[in-house]
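Understanding the architecture of this molecule
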Amino acid sequence: MTFATAFLVPYRFWAERGDFHLPGGPLYIGAGILAGWSNENLGMLAILMALGVCIYRFRTLRRMPLWAMAGLAGAIFGWGMLMSAPGNALRLVQLGGASAIPLFSATAFNRFFIFWCSQQLELAL
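What this report covers is the structure whose coordinates are included nearby. (Residues numbered from 1 in each chain as written. Predicted model: local features only at pLDDT ≥ 70, side-chain atom pairs only at ≥ 80, totals over all residues. Heavy atoms only, no water.)

Look at helix H4 (residues 66-83): 26 Å from first C-alpha to last across 18 residues, which is about the 26 Å you get at 1.5 Å a residue. Inspection of H4 places Trp-67, Ala-68, Ala-70, Gly-71, Leu-72, Gly-74, Ala-75, Gly-78 and Leu-82 among the buried residues, and these make up the whole buried set. In this fold, the buried residues of H4 make contact with helix H1 (2-16), helix H2 (28-38), helix H3 (40-61) and helix H5 (86-95). (Helix = DSSP H or I, 4+ residues; strand = E, 2+ residues; numbered from the N terminus. Expected span 1.5 Å × (residues − 1). Buried < 20%, exposed > 50% of the residue type's maximum accessible area, 1.4 Å probe, protein only. Contact = heavy atoms within 4.5 Å.)

The structure is reproduced here in structure tokens:
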């Protein structure tokens, strides 16, 4: 969580002040790799948060600094490396392959949806 939080701090300053400049811009790719590589869920959240700030600032300023692009590219690369790790492939095989993931299979999505609805009904009663 430390890497992702430290990675997002400059984006927060940039969202608040459009004239924010980070020294050593292209080197920020290393911080992005660490943020994306640190945790599956938090890495994607850091990418989405940084992307949101980049889109917001690009729409308001019509430019994007090199450090923001380098950090976002590094985070995407780091998260991609994390997700393609051999351990994740082994866990996928233990689940039953890609067909067991609700996003990749209609039957798995149907099972997930029925389970989710039944849990929601039990909580409501």
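The discussion continues.
This part is about the nonpolar core. One finds Phe-7, Tyr-11, Trp-14, Cys-54, Trp-67, Ala-68 and Leu-72 to be the most contacted residues of the largest nonpolar core, which totals 16 residues. Of all elements in the fold, only H1, H2, H3 and H4 reach the threshold of two or more residues within this core. Ranked by residues supplied to this core, first place goes to H3 with five residues. The contacts of Phe-7, once residues within four sequence positions are left out, are Tyr-28, Ala-31, Gly-32, Ala-35, Ala-46, Ala-50, Gly-71, Leu-72 and Ala-75. (Core = buried A, V, L, I, M, F, W, Y, C linked by side-chain atoms within 4.5 Å.)

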